[in-house]
Amino acid sequence: MILKIRITNVAGIYLLITFFGFFFALSLFQLKYLLSFLKASGVDVGFLFPRASDIVTFAPWLLVFSGILLFAFVLSYLRFSMQVRIVLPRLEITRAVSNDRIFQGELTSVKIRIENPTIFDLDRVILTDMVPDTFDIVFGENHVEVNIPAGGKIEFAYILRAAARGVHLIGPVSIMLMDKSSFFATTIEIPVFSEIRVFPSYRDIKRLEITQKTMGGFLPGQHTMFKLKGSGYDFHQLRQFYYSDPLKLIDWKASARLGKLMVREYHGEKVIKIYILIDTSYTMGYGYRRFTKLDFATRAGALVAYLAQKLQDFFGVMLFSSTVHNFVKAGRGRGHFMQILSVLAEAEPEGVANLPGAIRYLIDYEPRSCFLVIISDLESDVGAIVEGVKIALAHKLRPAIIVPMSPLFEIPPPRSPFRQIFREAVMIEYMRRLNTISNKIARFGVRVLPATPQNIISIVLESYVRAKQRMIGAI
Amino acid sequence: MRIYLDLLNRERRSLLLRYASFKMLIVIFLVTYYMYINSIINSNAWTMGLVAFSFIKLLFVVAVFSIVYSFMLISAFAANVYDYEVIYSASLMLINSIFGTNVSRLNNILVGNVTLSIGDLLLMILGFLLWISVFYNISFVAKGKVSHFMWSLAIILLTLVGLEAMGQANIMVSEWPPASVSDLITNSVVILAMLTFFIIEICGNLAYAATIIDEYYKKIDRLSKSFREILMGQIRSELVTSERESESVSKLRLSPLALLMLRGYSGMYALEETGEELSSKVAGLIRSEGKNDREFVTSILGLKSVPRFTTTVLSIITGLLVKLPLAILLTLLAFILANSFGSLYPELVEIRTPAFSLIILTLIVVLFYLFGDFIARRKFR
């Protein structure tokens, strides 16, 4: 390990004194010649510096003094370089993260322990545990300025709030070492990393849960929406017999009791298969910090997955741009939901969207009919988008495309008339392009739903509920 | 959790005590140093330094006067008044009313009647530098910046030489090489050098200790405040939130179903993304982590990384005991070596010059550094 030792400005001034001493001593030796020369030239400085000739005796003493200072400096440097060479590589640093899988907005604690097993003291250490800006430090501090004696150890901890979804690395630990006199300094980064996986925010899911609780365990309209009358095992109602009804449905006991033919009706729950396709192209990464289009898309995806899990549907997810980055085949259950969340956490904006490629990939793994929720800003090639839709429809995949309207996600609310005009102009141009794409896709009976930051979650939910009502992708 | 607050308070008090004692020591050493400086220089230098301040103030007044006079001249000419004497007097009066300076003194300067010799001016500059070094040291004591301390030393040493040349200092210097031990003890330069060396080592180290304590004290203070706020519920916006919540619900006319739903939401919405929500989450996490790991709370409050200074004073002394004698020995070795070259080759004028001594010294410094570095690498590979 090669470490650069910096000489601080304090050492600079110290050396200035030392070298000034040397320089001055040498000058003083020449002073008597200068004085006699000036006197011979008719310039008398005796009135100004009456003891100028006396201070020539200073010269050797100054040389010795400066020499001592210089040797002291070298000794300090040797001591510091020894500290750097011996102690720093042997420092034992461990980091403990209380919870490395959390939801966006949730907290986790980080504890750092540093041990100095050597026989040398570390005089002045500034330790900083590097935290990416996707976390907020809500309590405690991630840095400490301290000394670590030989064989000693220190510990510090802090609490982080996950501000952005993703897979983030905490670390490295940066160490700035200084000597006691503040002459030298060196910085080193110890590669101690911890991975924290931040799932999309649970806030929307919590809201849904609260709504469910207030509605007595049902979602609004759930009991009427998702039942399939006529089949299944749950009793629905008795009704009068029509001639078109099969004879096996007649309830003879009830018919005898009521004196007319009655039919027993049953109902069963609809189960659909849904895939959430999220475009992770680089344009989806635009927007406000921590509130990009992709962040909204993953939040919406997580919510749909949660709802599908609650309603016993099969659900899967795909993250795609130029290639398919992540794919989870449709399944159900709590474990599957957690897997989906884990995949959504990994979504990073990169590449250019390739919808046809993603659909073909999906068809390879899912040859049967299903419903697709595609969340994409449709900022790639229009022809490719249309082709993707065509391929999907040809293989009985029924898509609904949710389009985050880029200007509303990216351009801040205008504060001046000029910006207002600019925003309007951008919106007009954007809507013209979106309408063109929508019209092209609408010919195939596929809905393109423009979404704003305010309604993107509800639009995604609505498209899911519609699919459920219409049995799109029913198994 | 109150026990942790007590612990924090105890630690704060102990840090404050240590901080104060280190600062006191720094002040004592600096005062001692200045007392010695004062004993070897003429007190006239300090007085002239003060005069320099008033002189600078006077120069500033002159600068302001020239601006005022120019404006008044233009104004008077615009009003067709061409009496220079009146304009000049009016400007002087105006300046006098603003700064309260002595009019006759200001007038003397303005007409070029200055009775200041070059010697006085030089002394004033040197005295001024002395005061500047004092200010640097005050800043060093207050802020703990070692660079200020170093600048003050550099200024003092430069000023001392100037004062000695001007005959305003009484530095006793014996001829080199010293004939006896008394030559060394009574030598002002030796005493000054020793004091300077000591003060660099001691004050530098004490300042480092004080700086670390200061940083840590501030940290403990910050953490203590936020810990109290979180755990004792001292959150100012609490009332504001509840008022906002009740107001928003009561002002609306809602159906029973909407009211039911709103109740479910309001509890969460009212607190969502607020400081209260975050504080309660933090408090909950600290409590739960504290149950699993008893040392967690002390770690997060910074109590497990308190700087320790039991060995600091000891290390200062050992540092001085090792560093100073070794540095003196090596320096003397360099000069002895240079002298022996001189006696070996007396016909060569070059090797009897001080520059040659300096070259030998530099050579020994370089050799010593390389040797020390080699030993360190070999021993602690």
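Keep in mind it's a predicted model, so treat the numbers as computed, not measured.

Q: What is the right way to read the overall build of chain B from this model?
A: Within chain B, the secondary structure is distributed over 14 helices and zero strands. The order of α-helices and β-strands along chain B, N terminus first, is α-α-α-α-α-α-α-α-α-α-α-α-α-α. Looking at the 381 residues of chain B, the share that counts as buried comes to 25%. For chain B, the proportion of contacts with a sequence separation of at least 24, taken over those separated by at least 6, is 69%.

Q: Please clarify how the overall build of chain A should be interpreted in this entry.
A: Looking only at helices and strands, chain A features twelve helices and 22 strands. Summarising its shape, the C-alpha atoms of chain A cover approximately 145 × 55 × 40 Å along the three principal directions. Per-residue burial for chain A yields a buried fraction of 40% across its 475 residues.

Q: Mind showing me how you'd approach the domain arrangement of chain B here?
A: Quite often, the size of an interface is put as the accessible area lost when its parts meet. All names here are of chain B. When cut into domains, chain B gives domain 1 (21-217), domain 2 (225-300) and domain 3 (312-379). A straight line from the C-alpha centre of domain 1 to that of domain 3 covers 36 Å. Opposite the five residues of domain 1 that make contact, domain 3 presents five residues. Class assignment of the residues belonging to the side of domain 1 that touches domain 3 gives a composition of three nonpolar, one polar and one charged.

Q: Looking at this structure, how should I read the sheet that holds strand 3 (residues 101-103) of chain A?
A: Paired through backbone hydrogen bonds, the strands of a sheet run either parallel or antiparallel to each other. Residues and elements named next belong to chain A. Pairing is mixed across the open sheet formed by three strands, whose spatial order is 3-12-9. Each having just a single partner strand, strand 3 and strand 9 (166-170) make up the two edges of the open sheet. Pairs of neighbouring strands in the sheet enclose a mean axial angle of 30 degrees, with direction left out of account. As judged from the five bridges shared by strand 9 and strand 12 (residues 194-199), these two strands associate in the antiparallel manner. Residue pairing in the sheet places Val-167 in a bridge with Arg-197 of strand 12. Helix 7 (residues 334-345) contacts strand 9 and strand 12 of the sheet and is inclined by roughly 110 degrees relative to strand 12.

Q: Which parts of the structure should I look at to understand the environment of A:Lys253?
A: Along the chain, A:Lys253 turns up in helix 5 (residues 252-258). Between the C-alpha atom of A:Lys253 and that of A:Phe37, which follows or precedes it by 216 residues, the distance is 140 Å.

Q: I'm lost on the domain arrangement of chain A in this one. Help?
A: Residue and element names in this part refer to chain A. Domains assigned within chain A are domain 1 (6-89), domain 2 (90-199) and domain 3 (273-469). Using C-alpha coordinates to define each centre, domain 1 is positioned 44 Å away from domain 2. Facing 15 residues of domain 1, the contacting portion of domain 2 comprises 16 residues. Looking at the side of domain 1 that touches domain 2, the elements that each hand over two or more residues are strand 1 (6-7), helix 1 (9-40) and helix 2 (58-90). Considering every element that reaches the side of domain 1 that touches domain 2, the biggest residue donor is helix 2, with nine residues. For the side of domain 1 that touches domain 2, the class distribution of residues is eleven nonpolar, three polar and one charged.

Q: What is the right way to read the confidence of the model for chain B from this model?
A: Parts of the model with low pLDDT should not have their predicted coordinates read in detail. All names here are of chain B. Overall, the prediction assigns chain B a mean pLDDT of 81, with 87% of residues at 70 or greater. Looking across chain B, the model is least confident in helix 9 (residues 237-250), with a mean pLDDT of 43, and most confident in helix 5 (residues 118-143), with 91. In this model, residues 235-250 is a region of pLDDT below 50 whose contacts with residues beyond four sequence positions or in other chains number 14 contacts. At the level of chain-chain contacts, confidence expressed as ipTM amounts to 0.77, with global pTM at 0.75.

Q: Would you explain the interface of chain A and chain B in this entry?
A: Between chain A and chain B, the contact holds 66 residues from the first and 68 residues from the second. Put simply, the parts of the chain that give the side of chain A that touches chain B at least two residues each are helix 1, helix 2, strand 4 (107-115), strand 6 (135-140), strand 7 (143-148), strand 8 (153-162) and helix 3 (203-214) of chain A. Per-element accounting of the side of chain A that touches chain B gives the leading share, 19 residues, to helix 2 of chain A. By residue class, the composition of the side of chain A that touches chain B is 43 nonpolar, twelve polar and eleven charged.

Q: Sorry, what's going on with helix 1 of chain A here?
A: Residues spaced three or four apart along an α-helix point in a common direction, a consequence of the helix completing one turn every 3.6 residues. All names here are of chain A. Helix length check: helix 1 (32 residues) gives 44 Å between terminal C-alpha atoms against 46 Å at 1.5 Å per residue, within 8%. The largest bend in helix 1 comes to about 40 degrees, at Gln-30. Among the residues making up helix 1, those that are buried are Val-10, Ala-11, Ile-13, Tyr-14, Ile-17, Gly-21, Phe-22, Ala-25 and Leu-28. Gly-42, located one to two residues past helix 1, shows a positive phi value of around 90 degrees.

Q: How should the pairing of strand 10 (residues 173-178) of chain A be read in this particular structure?
A: For a regular strand, side chains alternate in direction, first toward one face of the sheet and then toward the other. Residues and elements named next belong to chain A. Here strand 5 (residues 122-129) pairs with strand 10 via six bridges, running antiparallel. Residue pairing for strand 10: Arg-124 is matched across the bridge by Met-178. Bridging between strand 10 and strand 11 (residues 184-190) involves six bridges; their strand directions are antiparallel. Its bridge partner lying in strand 11, Val-173 is registered against Ile-190. Between strand 10 and strand 11, which follow one another and run antiparallel, lie five residues, and Ser-182 among them has a positive phi close to 60 degrees.

Q: What should I look at first to understand the packing of helix 6 (residues 146-165) of chain B against helix 8 (residues 188-231) of chain B in this one?
A: The relative placement of two packed helices comes down to the angle between their axes together with the axis-to-axis distance. All names here are of chain B. In the contact formed by helix 6 and helix 8, the axes pass within 10 Å of each other and the chain directions differ by 165 degrees. Here helix 6 lies roughly antiparallel to helix 8, going by the angle between them. By crossing handedness, the relation of helix 6 to helix 8 is classed as right-handed. Residues Val-146, Phe-149 and Leu-153 of helix 6 lie in contact with helix 8, whose contacting residues are Thr-196, Cys-203, Gly-204 and Ala-207. By residue class, the composition of the contact of helix 6 with helix 8 is five nonpolar, two polar and no charged.

Q: Help me understand the nonpolar core, please; the structure alone is not making it clear to me.
A: Across soluble globular proteins, nonpolar side chains have a tendency to be buried as a group. Counting 188 residues, the largest nonpolar core has A:Ile274, A:Tyr275, A:Leu277, A:Val304, A:Val373, A:Ile402 and A:Val460 as the members making the most contacts within it. Examining the composition of this core, we find that 17 residues originate from one element, helix 2 of chain A, more than from any other.

Q: Quick question: what am I supposed to make of the environment of A:Ala384 here?
A: All names here are of chain A. One can find Ala-384 in helix 9 (residues 382-394). For Ala-384, a count of 16 C-beta atoms within 10 Å puts it in the partly exposed group. Each C-alpha atom of the pair Ala-384 and Leu-355 lies 6.7 Å from the other, and the pair is 29 residues apart in sequence. Ala-384 has contacts with Asn-354, Leu-355 and Pro-356, leaving out every residue within four places of it along the chain.

Q: Teacher, can you tell me more about the sheet that holds strand 2 (residues 92-97) of chain A here?
A: Pairing in this open sheet of four strands is antiparallel, and the strands run 2-4-8-6 (chain A) from one edge to the other. Each edge of the sheet is formed by a strand with only one pairing partner; in this case those strands are strand 2 and strand 6 of chain A. Each strand of the sheet is rotated relative to its neighbour by a mean of 30 degrees, with strand direction disregarded. Where strand 6 of chain A lies against strand 8 of chain A, five bridges are found, and the strand directions are antiparallel. Across the sheet, A:Asp136 pairs through a bridge with A:Arg161, a residue of strand 8 of chain A. Taken strand by strand, helix 11 (residues 275-292) of chain B contacts strand 4, strand 6 and strand 8 of chain A, and its axis lies near 50 degrees from that of strand 4 of chain A.

Q: Help me understand helix 6 of chain B in this model?
A: Residue and element names in this part refer to chain B. With 20 residues, helix 6 should cover 28 Å at 1.5 Å per step; its first-to-last C-alpha distance of 29 Å lies within 8% of that length. In terms of burial, helix 6 is a largely internal element, 16 of the 20 residues being buried. Positive backbone phi, approximately 80 degrees, marks Gly-167, located one or two places after helix 6.

Q: Help me understand the packing of helix 2 (residues 43-78) of chain B against helix 5 of chain B, please; the structure alone is not making it clear to me.
A: All names here are of chain B. Relative to each other, helix 2 and helix 5 sit at 95 degrees, their axes nearing to 7 Å. One way to sum up the angle between helix 2 and helix 5 is to call them roughly perpendicular. Of the residues in helix 5, those touching helix 2 at Ala-45, Trp-46, Met-48, Gly-49, Val-51, Ala-52 and Phe-55 are Leu-123, Met-124, Ile-125, Leu-126, Gly-127, Phe-128, Leu-130 and Trp-131.

Calculation notes
- Residues numbered from 1 in each chain as written.
- Chains lettered and ligands numbered in written order.
- Predicted model: local features only at pLDDT ≥ 70, side-chain atom pairs only at ≥ 80, totals over all residues.
- Helix = DSSP H or I, 4+ residues; strand = E, 2+ residues; numbered from the N terminus.
- Buried ≥ 20, exposed ≤ 12 C-beta atoms within 10 Å, placed from the backbone.
- Contact = placed C-beta atoms within 7 Å.
- Domains from an automatic or database assignment.
- Nonpolar A, V, L, I, M, F, W, Y, C, P; charged D, E, K, R; others polar.
- Pairing = 2+ DSSP bridges.
- Axes fitted to C-alpha atoms, helices over the stretch in contact; angles between N-to-C directions.
- pLDDT = per-residue confidence, 0-100.
- Expected span 1.5 Å × (residues − 1).
- Bend = angle between axes of the 7 residues up to and from the residue.
- Parallel < 35°, antiparallel > 145°, perpendicular 65-115°, else oblique.
- Left-handed = near helix turned anticlockwise from the far one by under 90°.
- Core = buried A, V, L, I, M, F, W, Y, C linked by C-beta atoms within 7 Å.

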